[in-house]
Amino acid sequence: MASEVITTNDGGFIERVKTWPTEIKDYYADLKAEMRRVTWPPWKQVRATTLVVIVSVFMFAAYFRVVDYIVGTGISKLIATFTK
């Protein structure tokens, strides 16, 4: 079976490298325009949502600590019971 090699003549590496500065400049121009369209939340809302996240993390940590203790104690008692 013969394999067919497809070659494209879209320019060499040097030609592609020459377009990089223009592409980078266009990217940053688009990025700047997009960042102007962003609606940022007020500082008060940022603080409130950050507080909610921190409190939630600590509540989940406490919950998982209690569950871990209960499951660990149960498994330890189960192992102790069957190894006597």
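The structure reproduced in this document is the subject of the present report. If you're wondering where the values come from, they're calculated on a predicted model, not measured in any experiment. Throughout, a residue's number is its position along its own chain's written sequence, starting from 1. With pLDDT at 70 or above as the cut-off, local features in this predicted model cover only qualifying residues; side-chain atom pairs require 80 or more to be listed or tallied, and sums for whole chains, interfaces and linings still use all residues. Values shown for side chains rest on all heavy atoms present in the structure; no hydrogens or waters enter the calculation.

Our focus in this paragraph is the packing of aromatic side chains. Two aromatic rings from Phe, Tyr or Trp, using only the six-membered ring of Trp, form a pair when their centres are within 6.5 Å; if the ring planes differ by under 30 degrees the pair is stacked, by over 60 it is edge-to-face, and anything between is tilted. Counted according to the given criterion, the structure contains four aromatic pairs. A centroid spacing of 6.4 Å and a plane angle of 25 degrees characterise the contact between F60 and F64, whose relative ring orientation is stacked. With F60 and F64 both in helix α3 (residues 43-82) and four residues apart, this pair spans about one turn of that helix. For the pair F60 and F64, a shared accessibility class is recorded, and that class is exposed. Between Y63 and F64, the ring centres sit 5.3 Å apart and the planes meet at 65 degrees, which makes this aromatic pair edge-to-face. F64 shares its class with Y63; the two are exposed. A run of DSSP states H or I qualifies as a helix once it reaches four residues; a run of E qualifies as a strand once it reaches two. Both are numbered from the N-terminal end. Think of it in three bands: with a 1.4 Å probe and only protein chains considered, a residue is buried below 20% of the maximum accessible area for its type, exposed above 50%, and partly exposed in between.

Looking now at a nonpolar patch on the surface. Patch definition: residues above 30% relative accessible area lacking any salt bridge, with like charges linked at up to 9 Å and the nonpolar side chains Val, Leu, Ile, Met, Phe, Trp and Tyr linked at up to 5 Å. Areas reported here follow the Shrake-Rupley algorithm with a probe of radius 1.4 Å; residue values treat only the protein chains shown as occluding. Salt bridge criterion: a side-chain nitrogen from Lys or Arg within 4 Å of a carboxyl oxygen from Asp or Glu. A surface patch of nonpolar side chains, about 1100 Å² in accessible area, is lined by F13, I14, W20, I24, Y27, Y28, L31, M35, V38 and W40. A per-element tally of the nonpolar patch places helix α2 (residues 20-36) first, with six residues. As for its position among the elements, F13 is in helix α1 (residues 13-18).

The analysis is restricted to geometry; functional conclusions fall outside its scope.
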